[in-house]
Amino acid sequence: MKHLKLLILSTLMLTFSASLLASGDKNHDQEAILKIIDGIKYGWKNGDGKPFRENFLDYKGARYIESGGQNAGLDSLVNHHVEPEKDALEYLNLDFSGIEVNFEGDFAWAIATTRVKGKVRNSQRTFDKSGYQTFLFRKIDDLWKVVHTHSSSRDYNPKKKNHHDGKDKEKSEKHDSKEHKH
């Protein structure tokens, strides 16, 4: 009986320890992915391809989507998009917020809200856009690598609030319209 209690206690301790290790791995993995995303942000803002070359998996068939356009392969993304923007833009501000990271074994994905502002050097045109960014990752040799990105944004246009009840003015006006039918 004493041996049985010892066996049960040992099994419980091993299970608890394994659970803590798995939780620690997940936290470590999440930190690694957030660090990669921060590097990508730095690369875009500074026209620096190094974070992309270090953290993206360069493979045949890779595609990176940016607001309706695509770069086929890592070289295309860095050489025709990331690095040339440094000279083409007077400034670029990029923010990723509300980042959610999800894991499934050696696969992970992250979704972020984006806000990008800048000024085109030759035309002096400014832009202010908001949208979403998705990153897909694969763990290879204990390192997370970006295998795909997709960004979609539109002109930033915060909805106006109705000062009486905080609801979207546009929404409540449409709802009150005589044309509205259920």
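In what follows, the structure referred to is the one given above.
Fair warning: this is a prediction, and the values are worked out from it, not measured in the lab.

Colleague: Can you tell me about the overall build of the protein, naming the residues and giving the values?
Modeller: For the protein, the helix and strand inventory stands at four helices and six strands. Counting from the amino terminus, the protein carries its helices and strands in the arrangement α-α-β-β-α-β-β-β-β-α. Looking at the protein as a whole, 30% of its 182 residues qualify as buried. Here the contacts in the protein between residues at least 6 apart in sequence split such that 51% fall between residues at least 24 apart. For the protein, the computed accessible surface area is about 13000 Å², with 52% contributed by carbon and sulfur atoms.

Colleague: Lay out the environment of S151 in plain terms, naming residues and giving numbers.
Modeller: Here S151 is to be found in strand β6 (residues 143-155). Residue S151 is classed as buried on the basis of its relative accessible area, which comes to 9%. Taking the C-alpha atoms as reference, S151 lies 8.8 Å from F135; in sequence the two are 16 residues apart.

Colleague: Give a description of helix α3 (residues 74-88) that names residues and reports values.
Modeller: For α3, with 15 residues, the first-to-last C-alpha span of 20 Å sits near the 21 Å given by 1.5 Å per residue. Three or more residues of α3 are buried, namely L74, S76, L77, V78 and V82.

Colleague: Which residues make up the pattern of salt bridges, and what values do they have?
Modeller: As enumerated under the stated definition, the model contains seven salt bridges in all. Residue K139 pairs with D29 through a salt bridge whose shortest N-O separation is 3.1 Å. Remark: D29 occurs in helix α1 (residues 2-46) and K139 occurs in strand β5 (residues 126-140); sequence separation between them is 110 residues.

Definitions and cut-offs
Residues numbered from 1 in each chain as written. Predicted model: local features only at pLDDT ≥ 70, side-chain atom pairs only at ≥ 80, totals over all residues. Heavy atoms only, no water. Helix = DSSP H or I, 4+ residues; strand = E, 2+ residues; numbered from the N terminus. Buried < 20%, exposed > 50% of the residue type's maximum accessible area, 1.4 Å probe, protein only. Contact = heavy atoms within 4.5 Å. Areas by Shrake-Rupley, 256 points an atom, 1.4 Å probe, with all protein chains shown as cover. Expected span 1.5 Å × (residues − 1). Salt bridge = Lys/Arg side-chain N within 4 Å of Asp/Glu carboxyl O.

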